[in-house]
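What the coordinates show
One letter stands for each residue in the lines below.
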Amino acid sequence: MKTFVFTTTRDNKVPRSFFEALTYGGSLEGSEIIALVAGPLSQDQETEMQKFGRGQIFHFNQALPQWYDTFYYLHLIQSFFDEKGEPDLVVLGASEINQVLGPQIALKLSAGYVARVISLPIQQAPWRVKRYAYSGKIISHVELKTEKAVFLLSANVLSPIELGAGNFELWNALPAKGEGVEVLEIKRPESKQLLTEARIIVSGGRGMRGPEYWKPLEELAEALGGATACSRPVSDEGWRPHHEHVGQTGKIVAPDLYIACGISGAIQHLAGISGSRVIVAINKDPEAPIFQAAHYGIVGDVHKVLPVLVEAARRLK
Ligand SMILES: Cc1cc2nc3c(=O)[nH]c(=O)nc-3n(C[C@H](O)[C@H](O)[C@H](O)COP(=O)(O)OP(=O)(O)OC[C@H]3O[C@@H](n4cnc5c(N)ncnc54)[C@H](O)[C@@H]3O)c2cc1C
């Protein structure tokens with residue numbers, strides 16, 4: 001069974017979600033990985049990929065379009081399939097680009113598509129997998145009627161495992177021209193880390209009182225090497241930028257550690273953080289719903305607790 005895994009690079013690196021997808025694909029019975037990495041890479045990343053890969057990893061080593069362009073990537077993937085043959089299974093790591101490309105690749109392959117897959121398949125061909133539905137409130141079991149399948153993984157489905165030596169080689173295709181879309185403007189987030197890739201997130205809600213009180217939260221994120229995020233009312237109020245908004249209508253994150261400061265834990269917020277490995281909540285109300293979702297809770301005034309945590313985190317450095 002030929003399993004295709006795809007990623008683009010960012011700042012000359014591949015995202016962690018790619019290693020998760022490689023591990024997922026490599027863990028399936030009879031699976032032979034054929035992966036495509038599009039975009040420039042640093043030398044150490046090439047070595048890293050050989051460790052995590054099994055089968056063949058091809059590198060399309062060209063600068064990618066400045067703007068995201070679906071047609072460009074679809075053309076690239078189609079050229080790859082034309083040359084290397086169509087896969088039986090496509091496994092895509094959790095990324096915004098893959099979210100757009102997944103259904104389109106499925107259409108090209110006449111494959112069944114399942115998004116937000118949360119574990120290894122219950123059954124292979126015919127495929128049965130588990131996925132989140134209704135903003136993570138339920139887990140549904142999906143059985144595909146098609147022979148081919150495209151899975152978009154939820155983040156943190158499994159820890160990347162070094163599967164063995166992957167064969168890494170360059171692959172060239174004629175760069176495609178974008179069609180049909182004219183990009184007028186693009187606004188990039190100012191944050192240094194992609195929220196969806198961050199391993200540690202310190203997030204603030206309305207309990208933070210106002211934008212002028214955000215400094216200790218930012219200091220904690222900085223001391224822990226993490227990113228900052230917020231609840232929806234906070235970005236609606238303009239206290240924080242919209243790209244930091246987490247939840248059902250914002251980013252879905254899956255860090256190792258999510259620290260929720262002055263966030264009540266509404267279901268719409270929890271929908272965006274349920275993939276977190278460890279959730280720590282700081283809230284002055286012991287009855288706040290966030291404590292139901294949290295692994296550790298601190299009942300207290302966030303403005304008193306945060307400076308203590310900042311000091312402790314700095315001592316750990
Ligand atoms: C269709 C729809 C989609 C939505 N999508 C999202 C979404 O994607 N993301 C999202 O976040 N919300 C979303 N919401 C809004 C959601 O329902 C909640 O209103 C929102 O999450 C609440 O934000 P909050 O926890 O910051 O504020 P609040 O609910 O006001 O909670 C503030 C919390 O801070 C605590 N607090 C106050 N002062 C302190 C202090 N000094 N120290 C410690 N704790 C303190 C309070 O006890 C309280 O628990 C959506 C709503 C709808 C209807």
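In this convention, every chain numbers its residues from 1, walking through the sequence in written order. Two thresholds apply to this predicted model, a pLDDT of at least 70 for residue-level local features and 80 or more for giving and counting side-chain atom pairs, whereas whole-chain, interface and lining totals are computed over all residues. Calculated side-chain values reflect all of the structure's heavy atoms, with hydrogen atoms and water omitted.

Numbering of helices and strands runs from the N terminus; a helix is a DSSP stretch of H or I covering at least four residues, while a strand is a stretch of E covering at least two. Per the secondary structure count, the chain includes nine helices and 14 strands. Taken over C-alpha atoms, the radius of gyration is set against a globule rule of 2.2 Å times the number of residues to the power 0.38. Computed over the C-alpha atoms, the radius of gyration of the chain is 21 Å, within 12% of the 20 Å expected from 2.2 N^0.38 for a compact globule of 317 residues. Across its three principal directions, the C-alpha atoms of the chain cover 60 × 40 × 40 Å. When accessible area is computed with a 1.4 Å probe and restricted to protein chains, residues below 20% of their type maximum are described as buried, those above 50% as exposed, and intermediate ones as partly exposed. Residues counted as buried form 47% of the 317 residues belonging to the chain. Restricting to contacts in the chain with at least 6 residues of sequence separation, those with at least 24 account for 64%. With residues, only the protein chains shown are counted as cover, and all accessible areas are computed by Shrake-Rupley using a 1.4 Å probe. Roughly 15,800 Å² of accessible area belongs to the chain as shown, and the carbon and sulfur atoms make up 50% of that amount. This count recognises Lys and Arg as positive and Asp and Glu as negative, with His and chain-terminal groups excluded. To locate a charge, take NZ of a lysine, CZ of an arginine, CG of an aspartate or CD of a glutamate. Here the chain carries 32 positive and 34 negative side-chain charges, and the mean point of each set is 5 Å from the other. By the convention used here, residues are in contact when the closest approach between their heavy atoms is within 4.5 Å.

This paragraph deals with the domain arrangement of the chain. Domain assignment breaks the chain into domain 1 (2–170) and domain 2 (200–316). As annotated, the domain borders come from an automatic or database domain assignment. A straight line from the C-alpha centre of domain 1 to that of domain 2 covers 31 Å. Between domain 1 and domain 2, the residue contacts involve nine residues of the former and ten residues of the latter. Around 750 Å² of area is buried between domain 1 and domain 2 when both sides are counted, 42% of it from carbon and sulfur atoms. Counting the surface domain 1 buries against domain 2, the share from its top three residues, Arg116, Ser135 and Asn156, is 55%. Defined in terms of a 1.4 Å probe, buried area is the accessible area two parts forfeit on being brought together, summed over both.

Let us now look at the layout of surface pockets. Both site types are read off a 1 Å grid over the protein atoms alone. A 1.4 Å probe that fits but cannot get out defines a cavity, while an open set with protein on both sides within 12 Å along at least five of seven lines defines a pocket; lining residues have an atom within 4 Å of a point. Grid points are joined across faces, edges and corners, and a volume is the space filled by probe spheres set on the points. Computed from the structure, the second largest pocket encloses a volume of approximately 460 Å³. Forming the boundary of the second largest pocket are 25 residues, of which Gly205, Arg206, Gly262, Ile263 and Ser264 lie nearest the centre. Of all the secondary structure elements, the ones that give two or more residues to the lining of the second largest pocket are α6 (232–236), α7 (267–270) and α9 (302–316). We call Asp, Glu, Lys and Arg charged. Ala, Val, Leu, Ile, Met, Phe, Trp, Tyr, Cys and Pro are nonpolar, and the rest, Gly among them, are polar. Residue classes in the lining of the second largest pocket are distributed as five nonpolar, 15 polar and five charged.

Time to look at the pairing of strand β11 (residues 227–230). The two faces of β11 match: Ala227 and Ala229 on one face and Thr228 and Cys230 on the other face are all buried. We treat two strands as partners when DSSP finds at least two bridges between them. With four bridges joining them, strand β10 (residues 200–204) and β11 adopt parallel strand pairing. Bridging across to β11, serine 203 finds its partner in alanine 229. Handedness of the crossover joining β10 and β11 through helix α5 (residues 215–224) is recorded here as right-handed. Here, the term right-handed applies to a crossover whose path from the first strand over the helix to the second runs clockwise when the strands point away from the viewer.

By the criterion of burial, strand β2 (residues 32–38) is predominantly enclosed, with six of the seven residues buried. One ladder, built from seven bridges, connects strand β1 (residues 2–8) with β2; its direction is parallel. Pairing of threonine 3 across the sheet is with isoleucine 33, part of β2. Handedness of the β-α-β unit built from β1, helix α1 (residues 16–26) and β2 comes out right-handed.

Our next topic: empty space enclosed by the protein. Where empty space is left becomes clear once a probe the size of a water molecule has been rolled over the atoms. Applying the stated criterion across every chain, the model contains one cavity of 30 Å³ or more. In this model, the largest cavity occupies a volume close to 70 Å³. For the largest cavity, the full set of lining residues is Arg16, Ser17, Glu20, Ala94, Ala155, Asn156, Thr196, Glu197, Arg199 and Ala254. Classifying every residue of the lining of the largest cavity gives three nonpolar, three polar and four charged.

What follows concerns the site of the ligand. If you check the shell around the ligand, you find 25 residues, and the closest are Arg206, Ser231, Thr249, Ser264 and Asn283. Between glutamine 248 and the ligand, the recorded distance is 3.0 Å, taken from a backbone N or O atom to an oxygen atom. Here a polar contact means two N or O atoms within 3.5 Å. Within protein one must be a hydrogen donor candidate and the other an acceptor candidate, and residues neighboring in sequence count only if both atoms are side-chain atoms. A distance of 3.0 Å separates a nitrogen atom of the ligand from a polar atom in the side chain of aspartate 301. Considering the ligand on its own, with 980 Å² of exposed area, one finds that the protein chains cover 75% of that surface. When each cavity is represented as a set of grid points, the ligand is found to reside in the second largest pocket. For the shell around the ligand, the secondary structure elements donating two or more residues are α6, α7 and α9. Each residue belonging to the shell around the ligand can be placed in one class, and the counts come to five nonpolar, 15 polar and five charged. By convention in this text, a residue qualifies as near a molecule or strand provided that one of its non-hydrogen atoms is within 4 Å of it. By definition, a pocket or cavity contains a molecule when more than half of the molecule's atoms lie within 2 Å of the pocket's grid points.

With that out of the way, let us pick up α1. Summarising burial for α1: ten of the eleven residues are buried, a large majority. Ser17, Phe18, Phe19, Glu20, Ala21, Leu22, Thr23, Tyr24, Gly25 and Gly26 are the residues of α1 that are buried.

The geometry of helix α3 (residues 70–84) relative to helix α4 (residues 96–109) is characterised by a closest axis approach of 11 Å and an angle of 40° between their N-to-C directions. As far as their axial angle goes, α4 and α3 are oblique. Of the two elements, α3 crosses α4, and the hand of that crossing is right-handed. Of the residues in α4, those touching α3 at Thr70, Tyr73, Leu74, Ile77, Gln78 and Phe81 are Val100, Leu101, Gln104, Ile105, Lys108 and Leu109. Considered class by class, the residues forming the contact of α3 with α4 number eight nonpolar, three polar and one charged. Orientation is described by lines fitted to C-alpha atoms, with helices fitted over the stretch in contact, and by angles between N-to-C directions that extend from 0 to 180 degrees. An angle below 35 degrees is treated as roughly parallel, one above 145 as roughly antiparallel, one from 65 to 115 as roughly perpendicular, and anything else as oblique. Each crossing is labelled by how the near helix is turned from the far one, with a counterclockwise turn of less than a right angle marking it left-handed and a clockwise turn marking it right-handed.

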